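# A look at the structure
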Amino acid sequence: AVPLLERLHATEDAVSMRASVALAALREGDLDRAERFLAEAGEPAPTDMTAGLVIAQVRAELLLARKEFDAALAAFETSLAAMRSVRFGGVSATGLEPWSLIALSADLAAHVRHGHTRAQQRRADELSDEMLASLHLVAAAPEGGLDYPVAGMALAAQAMWLLSGDGRAERGEAGIRMLGLARGFGYNRWFPLMEWAPLEELAARAVPGRLPVVLAEYDGRPGRELRPELAGLLRSLEVTSSG
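Conventions and cut-offs
Residue positions are counted from 1 within each chain, in the order its sequence is given. Residues qualify for local features only when their pLDDT is at least 70, as the model is predicted, and side-chain atom pairs are given and counted only at 80 or more; totals for whole chains, interfaces and linings, by contrast, use all residues. Excluded from the side-chain calculation are hydrogens and water; included are all heavy atoms of the structure. By the criteria applied, helices consist of DSSP H or I runs no shorter than four residues and strands consist of E runs no shorter than two, each listed in order from the N terminus. This radius of gyration counts C-alpha atoms alone. The globule rule is 2.2 Å times how many residues there are, raised to the power 0.38. Under the scheme applied here, a residue whose accessible area is under 20% of the maximum for its type counts as buried, over 50% as exposed, and between as partly exposed, the area being computed with a 1.4 Å probe on protein chains only. In this analysis, rings of Phe, Tyr and Trp, with Trp reduced to its six-membered ring, are considered paired at centre separations within 6.5 Å, and the interplanar angle assigns stacked below 30 degrees, edge-to-face beyond 60, and tilted for intermediate values. Only when the NZ atom of a Lys or the CZ atom of an Arg is both within 6 Å of the ring centre and within 35 degrees of the ring normal do we say a charge sits over the ring. Residues enter a nonpolar core if they are buried and are Ala, Val, Leu, Ile, Met, Phe, Trp, Tyr or Cys, with the set joined through side-chain atoms within 4.5 Å. When checking whether two residues touch, look at their non-hydrogen atoms; a contact exists if any pair is within 4.5 Å. To estimate how far a helix should extend, the number of its residues minus one is multiplied by 1.5 Å. Only one rule defines a salt bridge in this text: a Lys or Arg side-chain nitrogen within 4 Å of an Asp or Glu carboxyl oxygen. pLDDT expresses how confident the predictor is about each individual residue, on a scale running from 0 to 100. Pairs of N or O atoms within 3.5 Å make up the polar contacts considered here, provided that, within protein, one atom can donate a hydrogen while the other can accept it, and that residues adjacent in sequence are counted only when both atoms are side-chain atoms.

Once that is clear, we can look at the overall build of the protein chain. Per the secondary structure count, the protein chain includes 12 helices and zero strands. Ordered by position in the sequence, the α and β elements of the protein chain form the string α-α-α-α-α-α-α-α-α-α-α-α. Taken over C-alpha atoms, the radius of gyration comes to 18 Å for the protein chain, in line with the 18 Å a tight globule of 243 residues would show. Overall size of the protein chain, expressed as C-alpha extent along the three principal axes, is 60 × 40 × 35 Å. When the 243 residues of the protein chain are sorted by exposure, 47% land in the buried category.

Counted by the stated rule, this structure contains three aromatic pairs. Positioned above the aromatic ring of Trp161 is the side chain of Arg171, whose terminal nitrogen or guanidinium carbon lies 3.9 Å from the ring centre. Its guanidinium or amino end placed over the ring of Trp196, Arg183 lies 4.6 Å from that ring's centre, counting from NZ or CZ.

To continue, consider the nonpolar core. With 80 residues, the main nonpolar core has Val58, Val138, Leu155, Met178, Leu179, Phe185 and Met194 as its most contacted residues. With 13 residues, helix α8 (residues 148–163) is the single largest residue contributor to this core. Every residue in contact with Phe185, bar those within four places of it in the chain, is listed here: Val138, Tyr148, Pro149, Ala151, Gly152, Leu155, Gly223, Leu226, Arg227 and Leu230.

The next subject is helix α4 (residues 49–65). Compared with the 24 Å implied by 1.5 Å per residue over 17 residues, the 24 Å span of α4 between its first and last C-alpha is a close match. In terms of burial, α4 is a largely internal element, 12 of the 17 residues being buried. Where α4 is concerned, the buried positions are Met49, Ala51, Gly52, Leu53, Val54, Ile55, Gln57, Val58, Ala60, Glu61, Leu62 and Leu64. Tucked inside the fold, the buried residues of α4 contact α2 (11–27), α3 (31–41), α5 (69–84) and α6 (98–114). Remark: Lys67 follows α4 within two positions and exhibits a positive phi of approximately 65°.

The phi torsion at Lys67 lies on the positive side, around 65°, for a residue other than glycine. On the secondary structure map, Lys67 appears in the loop between α4 and α5. Judged by its relative accessible area of 63%, Lys67 falls in the exposed class.

Counted according to the given criterion, the structure contains 13 salt bridges. As a salt-bridge pair, Glu40 and Arg18 come within 2.8 Å of each other at their nearest N and O atoms. Within this pair, whereas Glu40 is found in helix α3, its partner Arg18 is found in helix α2, the two being separated by 22 residues in sequence. A salt bridge links Glu43 to Arg59; its shortest N-O distance comes to 2.9 Å.

Detail in the predicted coordinates should be disregarded across regions flagged by low pLDDT. For the protein chain, per-residue confidence averages 90 on the pLDDT scale, and residues scoring 70 or more make up 95% of the total. Looking at the elements of the protein chain, mean pLDDT is at its lowest for helix α1 (residues 2–7), recorded as 80, and at its highest for α8, recorded as 97.

The first and last C-alpha atoms of α8 sit 22 Å apart over 16 residues, in line with the 22 Å expected at 1.5 Å per residue. Most of α8 sits out of view: 15 of its 16 residues are buried. Regarding α8, its N-cap is Asp147, as a side-chain oxygen of that residue lies 3.2 Å from the backbone nitrogen of Val150 further along.

Moving on, we get to the environment of Phe88. Mapped onto the secondary structure, Phe88 falls in the loop between α5 and α6. A C-alpha to C-alpha distance of 9.6 Å links Phe88 and Thr47, two positions 41 residues apart in sequence. Once residues within four sequence positions are removed from consideration, Phe88 is found in contact with Met49 and Trp99.

For Ala159, the location among the structural elements is in helix α8. On the accessibility criterion, Ala159 (0% relative accessible area) is buried. Taking the C-alpha atoms as reference points, Ala159 and Ala109, separated by 50 residues in sequence, lie 9.2 Å from one another. Among residues more than four places away in sequence, those in contact with Ala159 are Gly175, Met178 and Leu179.

Below is the structure:
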């Protein structure tokens, strides 16, 4: 489709298509092909947020796949800063913009899974605090203002942080429930960082046998019905933190 789009002068669509194919190649493990499509895509226009986000995330994930962890974490940080800087005339940022939540989710997940220095681990804690603030916005957002799969990514990333922590029982239970809510929200699994199997493995190590029970409890309930569960979970985390 890309050559046809280019002949039609649909430049942004062509760039987005190349970015999508690069992401597909990355998920298939064909890193060289993914890099080639990114190179062909070039730099997207500042107004093309979708392509800009996907290209930035694929670049960072490619660095992870090549085990260049410090460079990858820096790339996720750059992507987050870029997505947060996006503004539209006359519209104030709310913190629920999908591009910002996706970038924050990926940045947190990457720091939890691959942060190995003390500074990177402290950054993971800072990103978790930022994510908690975003999740409070998710819980309070009007129905029409919420992208459930993107909000689910935020839940999945925060669950990773909780389940990778100090082993306290209340933190493990909160992480399991947050992961169950992410699944109930139909969280977006575009990027390898958000694949389900590693999250299941993390949950099984942290609190053996608990995730299937919570998934069964939430089974069949759409995201909009699970929002009260999220609000209650966030309140319990506040109590735990203050205690």
